[in-house]
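# Secondary and tertiary structure notes
Residues per chain are reported as follows:
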Amino acid sequence: MANSVETLIRVVDLHKSYYDGESELPVLQGVNLEIYLSELLAIVGASGVGKSTLLHIIGTLDRPTTGNVLYDEQDVFALSDTELARFRNKEIGFVFQFHHLLPEFTALENVAMGALISSSNNKTIYKEAEALLDYVGLSERLSHYPSQLSGGERQRVAIARSLINQPKVVLADEPTGNLDRRSSEAVLELLWDLNAKSGQTFVIVTHNQELAQQVDRVIQLVDGKVF
Amino acid sequence: MRFEWFVASRYLRSRRKQSFISIISIISIGGVALGVATVILVSAVLDGVEQGLKERFLANEAHVVLRLHDSSFFRNYQERILQIETIDEVTATSPVVWAQSAVFQERSDTIQDVIYIKGIDPVLEDKVTGFSKFVDGSTDFQNSEFIETARLIRDETITGGIVLGGRLAARLGVIKGDVLRLIVNLAKHPVNESMLIPDLANFVVIGFYESELAVYDNNFGFIHLEAAQKMYNKPNQVNTIFVRLTDAEFAPRIARRIEDKVQFSVLEGMPDARTWMELQAPLFSALRLEKIATVIIEALIILVASFNIASTLIMTVMEKTKDVGTLRTLGTSRGNVMRIFVIQGSVIGMLGTLLGTVLGLVLCWLLSYNSARPSYWYAIVLIVPIFLQVLIALRRIIPRSRGWMLAVSMLWLIAIGFALYCAVTPISLADLGLSQVYQMNQLPIQVNWFFVVFINILSFLICWLATLYPAWQAANLKPVEALQHE
């Protein structure tokens, strides 16, 4: 269980519906949730229940139909698009099921990308990116392109990438969903280690029971609500 | 902008396609380049033709022609000329008696033709219209050997010599040494007033005027100024002043200044200074119309090339949709994404424009540079880089290393340059049977630098505009949908 009770993110009465012409398809129907600083939170639930949608909204990639997401009591959806992009850049890291690395860029460049967006101090950025790749065990793979890396390696690059701006929270959507057992374990090792060493907050969407048993707190999503 | 440049330049080179520059970028750049090169070349030819015609025309035409509105004679033309010559841009003036006259040969008893008579001082006229350059024969109106001979064998009065337009002479059937009678004036018969007696003057044909400008060669006869003054009984008077300027293009401005500057007595008519453009308005307005039409077509060519950029970018955006989603999760704003694609398209536009400019100018140079060239068959050297490129594409013998790619690119440049040098030579209008029509031997090329700069700016602007829609489309992709795009 989380030792700290300091709330990082507060999700308040979140509704999200998708519209197809006249018909409304409600996905999230009043989600209330608090995410604490430095905790490892898993969101589980049947597929199609809206786990990813919830994660996208928390990650400001999508807007809710109604309801708020507060980071340190700040309503992020009150921000303009540019401010929101900047906020996402600084405070949120993402890891996806499919690595989503940019194919035209090397591992090092992929990791550095997030920092290059907002700063032009290339030398420092690449040094940090190198340190992160070293940390995830890929110091030999700096100038490799994603197509030259294995699935597990790509996912580790993706994790390194999510950390480049020292975000408040890393949102992971099925981070091991596409990996074999051995690679999965290596990736999870990394997450636990990061959480233990630097107190990094993680929110992980998964339906991997094994993973869910190793986190601080599990939240189950049923019928668009927290169970 | 640094981040956007970083991403855009990588997309242009598209590492995944494993080529030096992605093939689609090359095609788009090539499209713009061909458009711009065509525009520069076509307008250089048009300008060349216009310039060539102008030069031919101006070679025997004054820049400004000053007369009085009622075509009467100036009271004191020497003073007028002094006034005109105080204008800086005026380099020479020639006082002229301009008239019309009926002509017939000594053995003929009917009028053969009505011609324009230009009474000139050959020395002054030379400075204004280069008169003597076009004369086949003598320009000595008073003492030519033909006149001496004619005076010896005839008992009539010979007023002087006449230089006849070449085609006019052919039409009249006269040769040098023949005597031509000019009807100067028709006087009433002292007894029967309904009868008119022609007042005649005899001139010996001393030369032919061959300017290849039909209007002169067909219709003009040149006599000495004093002979003309005597003939028309206007001693020491002229009715026309021909003016040459430092630059023919100044004519409209200087014509107005001449009208203002020269003070005319109230007894005379109003001064009327005509420019050579006004005198040849139909020709040059036809040329101008042609040019406007061409510029419109040229702009369309570039527009078509810019569609190429737009479709390239739309394809890139579709291909990169997922990556745009990723970039948005990393915290790029819509503006960032928009700029990435605008930069990508603009770089294509800029490279294409610059390349096209270079190509167009090289073609212009080759078309105007007369030298002994190797046979155009040598353009076959292009086979070498093509062959190497195929080897690279097939991954045979030559590795896809950066060094080799660069070497082959250089080879391409050299081979294309050499092939163009061999194959593109000045176009002979004589060979095409057109030298008579245009009165030029070779297709003239005149590069207008101002226009080249204008086309560069226009082309870049059009290409930039073409990037806006695809870039806007990319910027407005919804991050979540873009991420899930397959």
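These figures come from a predicted structure and were not determined experimentally.

Once that is clear, we can look at the overall build of chain B. Of the regular secondary structure elements, chain B holds 18 helices and ten strands. Against the globule reference of 23 Å for 486 residues, chain B gives a C-alpha radius of gyration of 34 Å, more extended than a compact globule. Taking the principal axes of the C-alpha coordinates as reference, chain B spans close to 115 × 55 × 40 Å. Within chain B, buried positions represent 36% of all 486 residues. Contacts in chain B between residues far apart in sequence, at least 24 positions, make up 79% of those at least 6 positions apart.

Another point: the overall build of chain A. Counting secondary structure elements, chain A contains seven helices and ten strands. Relative to the globule expectation of 17 Å for 227 residues, the C-alpha radius of gyration of chain A, 17 Å, shows essentially globular dimensions. Reported as C-alpha extents along the three principal axes, the dimensions of chain A are approximately 50 × 40 × 40 Å. A buried classification covers 45% of the 227 residues belonging to chain A. Counted over contacts in chain A with a minimum sequence separation of 6, partners at least 24 positions apart contribute 72%.

Packed helices, taken two at a time, are described by their axes: the angle between them and the distance between them. Residues and elements named next belong to chain B. Relative to each other, helix α2 (residues 23-59) and helix α17 (residues 449-475) sit at 155 degrees, their axes nearing to 11 Å. Here α2 is positioned roughly antiparallel relative to α17, judged by the angle of their axes. In the packing of α2 onto α17, the handedness of the crossing is right-handed. Together, Val-32, Val-36, Val-39, Ile-40 and Ser-43 of α2 and Phe-451, Val-452, Ile-455, Ser-459 and Cys-463 of α17 make up the contact between the two elements.

The next thing to look at is the interface of chain A and chain B. With 21 residues of chain A at the contact, the number on the chain B side is 22 residues. Counting residues per element, the ones that place at least two in the side of chain A that touches chain B are α2 (81-91) and α3 (107-118) of chain A. With six residues, the top contributor of residues to the side of chain A that touches chain B is α2(A). Looking at the side of chain A that touches chain B residue by residue, the classes come out as ten nonpolar, six polar and five charged.

Ranked by size, the top nonpolar core spans 101 residues in total, and within it Val111(A) and Val203(A) carry the most contacts. Those residues in contact with Val111(A) that sit more than four places away from it in its chain are Ala129(A), Leu132(A), Leu133(A), Val157(A), Ala160(A), Arg161(A) and Ile164(A). Among the nonpolar cores identified, the runner-up in size contains 60 residues, and Ile81(B), Met231(B), Val243(B) and Leu245(B) belong to it.

In this section: the sheet that holds strand β1 (residues 7-20) of chain A. Residues and elements named next belong to chain A. The four strands lie next to each other as β2-β1-β4-β5, forming an open sheet whose pairing is antiparallel. At either end of the open sheet lies a strand with only one pairing partner, and these are β2 (23-36) and β5 (74-75). Taken strand by strand, helix α1 (residues 51-58) contacts β1, β2 and β4 (66-71), and its axis lies near 120 degrees from that of β1.

What follows deals with the sheet that holds strand β8 (residues 201-205) of chain A. Residue and element names in this part refer to chain A. The strand order across the open sheet formed by six strands is β6-β7-β8-β3-β9-β10, and the pairing between neighbours is mixed. Two strands lie at the open edges of the sheet, namely β6 (92-95) and β10 (225-226), each paired on one side alone. Summarising the sheet, β6 and strand β7 (residues 169-173) pair through four bridges and their orientation is parallel. Each bridged residue has a counterpart across the sheet, and for Phe-94 the counterpart in β7 is Leu-171.

All names here are of chain B. Within the secondary structure, Val-97 is located in strand β2 (residues 90-105). Expressed as a C-alpha distance, the spacing of Val-97 and Tyr-116, which sit 19 residues apart in the sequence, is 10 Å. Leaving out residues up to four positions away in the same chain, Val-97 has contacts with Gly-119, Leu-225, Ala-228, Gln-229, Tyr-232, Lys-234, Val-238 and Asn-239.

With that settled, the discussion passes to the confidence of the model for chain A. Here chain A shows a mean pLDDT of 82. Residues at 70 or above account for 98%. By mean pLDDT, β10(A) is the weakest element of chain A at 76, and β6(A) is the strongest at 88.

Glancing now at the environment of Glu85(B). Residues and elements named next belong to chain B. Mapped onto the elements, Glu-85 comes out in helix α3 (residues 77-85). With 13 C-beta atoms packed within 10 Å, Glu-85 lands in the partly exposed category. Put simply, Glu-85 and Ser-101 are 16 residues apart on the chain and 31 Å apart in space, counted from C-alpha to C-alpha.

All names here are of chain A. The contact between α3 and helix α5 (residues 151-163) brings their axes to 7 Å, and the two run at 30 degrees. For the element pair α3 / α5, the angle class is roughly parallel. Note on packing geometry: the crossing formed by α3 with α5 is right-handed. Residues Ala-107, Asn-110, Val-111, Met-113 and Gly-114 of α3 form the contact with α5, whose own contacting residues are Val-157, Ala-160 and Arg-161. Here the residues of the contact of α3 with α5 sort into five nonpolar, two polar and one charged.

Because an α-helix packs 3.6 residues into every turn, residues spaced three or four apart end up facing the same way. All names here are of chain A. Most of α1 sits out of view: eight of its eight residues are buried. What α1 keeps buried is the set Lys-51, Ser-52, Thr-53, Leu-54, Leu-55, His-56, Ile-57 and Ile-58. Taken from the residues just after α1, Thr-60 is the one with a positive phi, measuring 65 degrees.

The next thing to look at is the pairing of strand β3 (residues 40-45) of chain A. All names here are of chain A. For β3, a buried count of six out of six residues is recorded, marking the element as mostly surrounded by other parts of the structure. Across the two faces of β3 the burial is the same, with Leu-40, Ala-42 and Val-44 and Leu-41, Ile-43 and Gly-45 all buried. In terms of strand pairing, β3 meets β8 through four bridges, oriented parallel. Residue pairing in the sheet places Ile-43 in a bridge with Val-205 of β8. Here β3 runs beside strand β9 (residues 217-222); their pairing, made up of five bridges, is parallel. In the sheet register, Leu-41 faces β9, and the bridge partner there is Arg-217.

On any regular strand, side chains alternate: one points to one face of the sheet, the next to the other face. All names here are of chain A. Direction of pairing for β1 relative to β4: antiparallel, over a ladder of five bridges. Pairing of Val-12 across the sheet is with Asn-68, part of β4. Sheet topology note: the β4/β5 ladder contains two bridges and is antiparallel. Directly across from Tyr-71, in β5, lies its bridge partner Gln-74. Between the end of β4 and the start of β5, which pair antiparallel, lie two residues, with Asp-72 showing a positive phi angle near 50 degrees.

Residues and elements named next belong to chain A. Positive phi values are uncommon outside glycine, yet Thr-60 reaches one of about 65 degrees. Take Thr-60: it is sitting in the loop between α1 and β4. Of the residues examined, Thr-60 has 23 C-beta atoms within 10 Å and is grouped as buried. Despite not being glycine, Gln-166 has its phi angle at roughly 45 degrees, a positive value.

How each quantity is defined
- Residues numbered from 1 in each chain as written.
- Chains lettered and ligands numbered in written order.
- Predicted model: local features only at pLDDT ≥ 70, side-chain atom pairs only at ≥ 80, totals over all residues.
- Helix = DSSP H or I, 4+ residues; strand = E, 2+ residues; numbered from the N terminus.
- Rg over C-alpha atoms; globule rule 2.2 N^0.38 Å.
- Buried ≥ 20, exposed ≤ 12 C-beta atoms within 10 Å, placed from the backbone.
- Contact = placed C-beta atoms within 7 Å.
- Axes fitted to C-alpha atoms, helices over the stretch in contact; angles between N-to-C directions.
- Parallel < 35°, antiparallel > 145°, perpendicular 65-115°, else oblique.
- Left-handed = near helix turned anticlockwise from the far one by under 90°.
- Nonpolar A, V, L, I, M, F, W, Y, C, P; charged D, E, K, R; others polar.
- Core = buried A, V, L, I, M, F, W, Y, C linked by C-beta atoms within 7 Å.
- Pairing = 2+ DSSP bridges.
- pLDDT = per-residue confidence, 0-100.

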